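Observations on the three-dimensional arrangement
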Amino acid sequence: MSDPAVVLDDLREESEELDLLVRELSEEQWGAPTPAPGWTIAHQIAHLAWTDRAALLAATDPEAFAVETEKALAAPDRFVDEGAEEGAKLPPAELLASWRVGRERLQEALRAVPPGARFPWYGPPMSAPAMATARLMETWAHAQDVADALGAVRAPTARLRHVAWIGVRARDYAYLVRGIPAPTEPFRVELTAPDGEMWAYGPEGAAQTITGPALDFCLLVTQRVHRDDTALVAHGPDAERWLGIAQAFAGPAGAGRAPEGA
């Protein structure tokens with residue numbers, strides 16, 4: 001994902017798809033609960049708007065972002081929820097406008113970042129392409145929550161390749177945030193894309209492998225589905241264990257989702 005223009009274009013398309021889901025909602029629908037405990041549709045959009053603002057600050061004013069990082073470290077279990085709660089209190093039209101403006105400002109800032117430059121983030125420092133990929137991953141994941149709340153079915157697209165890529169890259173981070181030693185050997189991950197193409201990551205001949213639908217993998221690494229409710233197949237105990245803790249997002253270990261019917 002070295003070309004920032006490609007992933008930024010895809011991020012814009014992913015955001016527009018979510019925008020279509022929410023732009024005509026009534027005020028009552030904005031207050032509908034989503035699968036994330038305590039979060040309404042308004043919370044989901046507010047969180048995206050809040051994170052876009054944080055990313056813009058990181059890309060344009062690292063010193064100011066360092067101050068925000070200190071606040072996050074002081075309340076690691078609350079700062080995400082508090083940011084979403086604050087935005088969710090806004091009138092829906094104001095919240096939607098804020099999200100639209102913020103995501104376009106971030107687009108402009110990331111397109112202006114010099115090649116190879118990195119800036120701070122809550123996890124490792126980010127390049128512009130990496131930040132755009134992370135924003136796309138999170139936009140896609142929260143859009144899934146909104147779609148679930150509305151009973152809408154989204155067609156998977158080739159943009160999932162960005163989510164899959166960051167999910168694979170974040171393998172060791174899932175172990176790190178849980179205080180578990182990461183496997184020393186790489187895995188082979190082979191995913192079937194929505195159009196039937198094969199997306200492969202890791203060395204051929206790896207002792208441990210994961211295969212299955214790209215959509216299931218992306219839902220799992222964003223913790224939008226339980227491991228048992230996927231068609232993913234793991235060969236090897238370490239590969240299976242990873243699928244039980246995988247997370248593509250920065251921050252504390254996520255609780256994940258309960259299996260269907262639980």
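For the structure given in this document, a descriptive report is provided here. (Residues numbered from 1 in each chain as written. Predicted model: local features only at pLDDT ≥ 70, side-chain atom pairs only at ≥ 80, totals over all residues. Heavy atoms only, no water.)

1. Observations regarding the overall build of the protein chain
Tallying secondary structure elements over the protein chain gives 11 helices and 6 strands in all. Against the compact-globule benchmark of 18 Å for 262 residues, the protein chain has a radius of gyration of 18 Å, which places it among compact chains. Its C-alpha atoms give the protein chain principal-axis dimensions of roughly 50 × 45 × 35 Å. For the protein chain, buried positions account for 48% of its 262 residues. (Helix = DSSP H or I, 4+ residues; strand = E, 2+ residues; numbered from the N terminus. Rg over C-alpha atoms; globule rule 2.2 N^0.38 Å. Buried < 20%, exposed > 50% of the residue type's maximum accessible area, 1.4 Å probe, protein only.)

2. Some remarks on the side chain of Asp-52
In this fold, Asp-52 is placed in helix α3 (residues 41–60). Once residues lying within four places of it in the same chain are set aside, the contact partners of Asp-52 are Trp-99, Gly-102, Arg-103, Leu-106 and Arg-135. (Contact = heavy atoms within 4.5 Å.)

3. Remarks on the pairing of strand β4 (residues 198–201)
Looking along a regular strand, one sees the side chains alternate between the two faces of the sheet. Judged by which residues are buried, β4 turns out to be one-sided: Trp-199 and Tyr-201 face inward and are buried, whereas Met-198 and Ala-200, on the alternate face, are not. Where strand β3 (residues 188–192) meets β4, 4 bridges bridge the pair, whose relative direction is antiparallel. By the bridge assignment for β4, Glu-190 is matched with Ala-200. Counted between consecutive antiparallel strands, the loop separating β3 from β4 contains 5 residues, among which Gly-196 sits at a positive phi close to 95°. (Pairing = 2+ DSSP bridges.)

4. A look at the environment of Trp-199
Residue position: Trp-199 is located in strand β4. Look at Trp-199 and you get buried, because its relative accessible area is 9%. The spacing of Trp-199 and Thr-211 is 12 residues in sequence and 9.9 Å in space, taken between C-alpha atoms. In this structure, Trp-199 is in contact with Ala-158, Leu-160, Arg-161, Ala-164, Val-189, Glu-190, Leu-191, Ala-193, Pro-194 and Ala-214, ignoring residues within four places of it in sequence.

5. Looking at the sheet that holds β3
Ordered in space as β4-β3-β5-β6, the 4 strands form an open sheet in which the pairing is mixed. Looking at the sheet topology across the chains shown, the edges are occupied by β4 and β6 (233–235). With strand direction ignored, the average angle separating the axes of adjacent strands in the sheet is 10°. When β3 meets strand β5 (residues 209–213), the two strands line up parallel, connected through 5 bridges. Bridge assignment links Val-189 to a residue of β5, and that residue is Ile-210. Against the sheet, helix α8 (residues 160–169) makes contact with β3 and β4, and its axis sits at roughly 20° relative to β4, the strand it touches most. (Axes fitted to C-alpha atoms, helices over the stretch in contact; angles between N-to-C directions.)

6. A look at the pattern of salt bridges
Taken as a whole, this structure holds 22 salt bridges when the rule is applied. Taking the shortest distance from any N to any O, the salt bridge between Arg-154 and Glu-14 comes out at 3.7 Å. Taken together, the residues span a long stretch of sequence, with Arg-154 in the loop between α7 (128–150) and α8 and Glu-14 in helix α1 (residues 4–22) at a distance of 140 residues. Overall, Arg-154 belongs to the buried group, its relative accessible area being 16%. Here Asp-19 ties to Arg-23 by a salt bridge, and the two come within 3.0 Å at their closest N and O atoms. Through salt bridges with shared partners, a single ionic network connects Glu-13, Glu-14, Glu-17, Arg-154 and Arg-159. (Salt bridge = Lys/Arg side-chain N within 4 Å of Asp/Glu carboxyl O.)

7. What about α8?
For an α-helix, 3.6 residues make a turn, and residues three or four places apart therefore share a direction. Burial of α8 is extensive: 7 of the 10 residues sit out of reach of the surface. Three or more residues of α8 are buried, namely Leu-160, His-162, Val-163, Ala-164, Trp-165, Ile-166 and Gly-167.

8. So, the side chain of Gln-44
If you trace the backbone, Gln-44 turns up in helix α3. A distance of 2.9 Å separates the side chain of Gln-44 from the side chain of Thr-34, its partner in a polar contact. Side chain to side chain, Gln-44 and His-142 meet in a polar contact 2.5 Å long. Not counting residues within four places of it along the chain, the set of residues in contact with Gln-44 comprises Thr-34, Ala-36, Trp-39, His-142, Asp-145 and Val-146. (Polar contact = N/O pair within 3.5 Å; in protein donor to acceptor, adjacent residues only side chain to side chain.)

9. A short note on the pairing of β5
As paired elements, β5 and β6 share 3 bridges and run antiparallel to each other. Directly across from Thr-209, in β6, lies its bridge partner His-235.

10. Points about helix α4 (residues 62–74)
Counted at 1.5 Å a residue, the expected span for α4 with its 13 residues is 18 Å, and the 18 Å between its end C-alpha atoms agrees. Looking at α4, one finds that the buried residues are Phe-65, Thr-69 and Ala-72. For α4, the angular spread of the buried residues around the axis is 55°, confining them to a single face. Pointing more than 90 degrees away from the buried face of α4 are the exposed residues Glu-63, Glu-70, Lys-71 and Ala-74. Against α3 and α5 (79–88) lie the buried residues of α4. (Expected span 1.5 Å × (residues − 1). Arc of directions from axis to C-beta.)

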